[in-house]
Amino acid sequence: MKFIKTIVISATMIFSFAAFAHSGLVKSSPAKNEMLQGSPQVLALTFSSPVRLVKLTLKDGGGNDIKFGFKPKMQSSNQFSLDLPQLTPSSYSVSWMIMGEDAHKMKGQFNFMVHKAMAKATEHDHASHSHD
Amino acid sequence: MIMPAILMTDVFYGLSLFDILGIMTKWLIYIGVTTSLGGFLMTLMNARSITRKRQIDTSTRSAVDDLSGYMRKGAMIGILAVVMNFFIQVGSFAETGLAGMWDPLMTEILWQSSVGGSISWRIAGFVLVLLATLMPVKRTGFVKKSALGLLLMATLCLAYSFTLIGHSADMDDLGKCLVAIHVVAIGAWIGSLIPLWIMCGRLEAQSLKGGMDLFGKQAIFIVAVVVITGLILLSLLFNSPSEFIDTGYGRAILTKLFIISMILAIAALHKFHLVPKLDGKAQESGSLAVTGDEANSAGILKRSIGVEILIAALILTTTAVLSSVLGPQNLA
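Residues numbered from 1 in each chain as written. Chains lettered and ligands numbered in written order. Predicted model: local features only at pLDDT ≥ 70, side-chain atom pairs only at ≥ 80, totals over all residues. Heavy atoms only, no water.

As recorded in an unreviewed UniProt entry, chain B goes by the name Copper resistance protein D, listed as coming from Shewanella eurypsychrophilus. Per UniProt, chain B carries the Sequence similarities (unreviewed entry) text "Belongs to the CopD family." Per UniProt, the comment on chain B under Function (unreviewed entry) is "Involved in copper resistance." (UniProt positions renumbered as here; feature names shortened; annotations may be inferred.)

Looking at an unreviewed UniProt entry, chain A carries the name Copper resistance protein C, with the source organism given as Shewanella eurypsychrophilus. Regarding chain A, the relevant UniProt record gives this comment under Function (unreviewed entry): "Involved in copper resistance."

Written as structure tokens, this is what we have:
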């Protein structure tokens, strides 16, 4: 019993501090926290290795989904570029989910702002991932 | 019991239900693979012993039947776990709750990815194992050779499936080869423990000693392959020794290494202490009949192999967690 406890305590110490290593997104346009003076034409994402882009959503400050014709593709690629509709001034949040070549799942989110010259970006970028 | 339960909650804090189910089914896949590979190794051992004796005695015949049953159960667990693991991954990507496990779009995406390939090879491997267990691996040449051939093909299919997904998918051909060899060696070793454990309760001391000695000779080679391939893989996965301390993946690997050193110590204890002792007792008794001392020695060995099996299960658990939710820095 003591042996099992020791193992469980050790495992807790190790895994609770665990940091996920796969980073995924390396570049985007608009960039994270970027403040734009007009509506961007495209949403472009660059990943560190070829991935399948499984999900991609764009939400405005009110949490409304912006439709822009994203469809998951079966082919892997490092770069994805999608045409955007005219975006009204607001803060926007992009959420992505990818499947790596090794079948691991990664997801993340970043924000950008359109117009609102004096407003401060409500940055809240985080990335997390879990594997198969 | 409450304390470990709370701590376990901490360990899995931040993991989704699908992550946990994924780890559990992956562990079951490992059980299926190790059972198949370990059963194959023990079948080869029996086949060699049958060839030497030029006949099959009752105890070997029953051992062969036991091994077929053992591999059959393992292959069936493996097939079920592979299918469940696939739909759990579909659910994880769909992110729409349990109903998402049947999401047609995510099913198609996953099936067309390396996951689909890996599943196909694994199911092919397990089906070959099932077919082999239906053939009697007895003295008759062609049937025996066919069954062993099927098991060899199954081993190749299962080993190849591990090179398609997980961290090895990001490695070069050398890394993939090493992963495949590592999986076969450790699977054969760990999967042999339950048949050996059963042998301790069935065979009289001299036969048990003969079987254990034969296994011991092969185990030294297998352990060497496990250790060498494991060390080369670590050198490929880690950029610097500090990553063993600084990263979650490194600390998890250190845990695995610590547990592996425990199982190696027990294996050494068996080879150099408990198995020779078994022989001494048999010689002292001068009889094939099981004496109290022999039963005691076999009992100690059996209990010790039992502990080894529990540690092996822990190694598979650590590996399932490692390969599921943690990643090495240089593959980031």
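**Student:** Is there a simple way to think about the packing of helix 7 (residues 173-202) of chain B against helix 8 (residues 205-237) of chain B in this case?
**Tutor:** The packing of two helices is summarised by the inter-axis angle and the distance between the axes. All names here are of chain B. Contact geometry for helix 7 and helix 8: axes closest at 9 Å, N-to-C directions at 150 degrees. It follows from the interaxial angle that helix 7 and helix 8 lie roughly antiparallel. Where helix 7 crosses over helix 8, the handedness of that crossing is left-handed. Here the residues of the contact of helix 7 with helix 8 are counted per class, giving 19 nonpolar, six polar and no charged. (Axes fitted to C-alpha atoms, helices over the stretch in contact; angles between N-to-C directions. Helix = DSSP H or I, 4+ residues; strand = E, 2+ residues; numbered from the N terminus. Parallel < 35°, antiparallel > 145°, perpendicular 65-115°, else oblique. Left-handed = near helix turned anticlockwise from the far one by under 90°. Nonpolar A, V, L, I, M, F, W, Y, C, P; charged D, E, K, R; others polar.)

**Student:** Just to check I follow, could you spell out helix 4 (residues 104-112) of chain B for this structure?
**Tutor:** Residues spaced three or four apart along an α-helix point in a common direction, a consequence of the helix completing one turn every 3.6 residues. Residue and element names in this part refer to chain B. For helix 4, the full list of buried residues reads Met106, Ile109 and Leu110. Buried residues of helix 4 fall within an arc of 95 degrees about the axis and therefore sit on the same side. Residue Asp103 occupies the N-cap position of helix 4, its side-chain oxygen lying 3.0 Å from the main-chain nitrogen of Leu105. (Buried < 20%, exposed > 50% of the residue type's maximum accessible area, 1.4 Å probe, protein only. Arc of directions from axis to C-beta. Polar contact = N/O pair within 3.5 Å; in protein donor to acceptor, adjacent residues only side chain to side chain.)

**Student:** Sorry, what's going on with the UniProt feature "transmembrane region" (unreviewed entry) in chain B here?
**Tutor:** All names here are of chain B. UniProt tags residues 27-45, 75-94, 114-135, 147-166, 178-198, 219-238, 250-269 and 305-326 as "transmembrane region" (unreviewed entry). Spanning residues 114-135, this segment combines 91% helix with 0% strand, and its end C-alpha atoms are found 32 Å apart. Annotated as 100% helix and 0% strand, the span residues 250-269 places its first and last C-alpha atoms 29 Å apart.

**Student:** Would you explain the packing of aromatic side chains in this entry?
**Tutor:** Here a ring pair, both rings aromatic, is described through the centre-centre distance and the interplanar angle of the planes. Per the stated rule, a full pass over the model turns up ten aromatic pairs over all chains. Between the aromatic rings of Phe47 of chain A and Phe80 of chain A, the centroid separation amounts to 6.0 Å while the plane-to-plane angle is 75 degrees, which identifies the pairing as edge-to-face. In this pair, Phe47 of chain A sits in strand 3 (residues 42-59) while Phe80 of chain A sits in strand 4 (residues 77-83), placing the two residues 33 residues apart along the sequence. For the pair Phe47 of chain A and Phe80 of chain A, a shared accessibility class is recorded, and that class is buried. Geometry around Phe162 of chain B places Arg122 of chain B over its ring, the cationic atom sitting 4.3 Å from the centre. Looking at Lys302 of chain B, its charged tip hangs above the ring of Trp197 of chain B, at a distance of 4.5 Å from the centre. (Phe/Tyr/Trp six-rings, centres within 6.5 Å; stacked < 30°, edge-to-face > 60°. Lys NZ or Arg CZ within 6 Å of the ring centre and 35° of its normal.)

**Student:** Which parts of the structure should I look at to understand the nonpolar core?
**Tutor:** Grouped together as the largest cluster of nonpolar side chains are 96 residues, with contacts concentrated most on Val33, Met212, Phe215, Leu301 and Ile305 of chain B. Ignoring any residue separated from it by four or fewer positions in sequence, one finds Leu301 of chain B in contact with Cys200, Met212, His270, Leu274, Val275 and Leu278 of chain B. Leu58, Phe70, Met106 and Val114 of chain A belong to the second largest nonpolar core, which has 23 residues in total. (Core = buried A, V, L, I, M, F, W, Y, C linked by side-chain atoms within 4.5 Å. Contact = heavy atoms within 4.5 Å.)

**Student:** What exactly am I supposed to notice about the confidence of the model for chain B here?
**Tutor:** If pLDDT is low for a region, its predicted coordinates should not be looked at in detail. All names here are of chain B. Across chain B, the average pLDDT comes to 83, with 83% of residues at or above 70. Per-element mean pLDDT across chain B ranges from 42 in helix 1 (residues 2-11) up to 95 in helix 5 (residues 114-133). This stretch, residues 1-11, has a pLDDT under 50; its non-local contacts, to residues over four places away or in other chains, come to 14 contacts. Considering only residues more than four positions removed or in separate chains, one finds that residues 282-290, a stretch of pLDDT under 50, has twelve contacts. (pLDDT = per-residue confidence, 0-100.)

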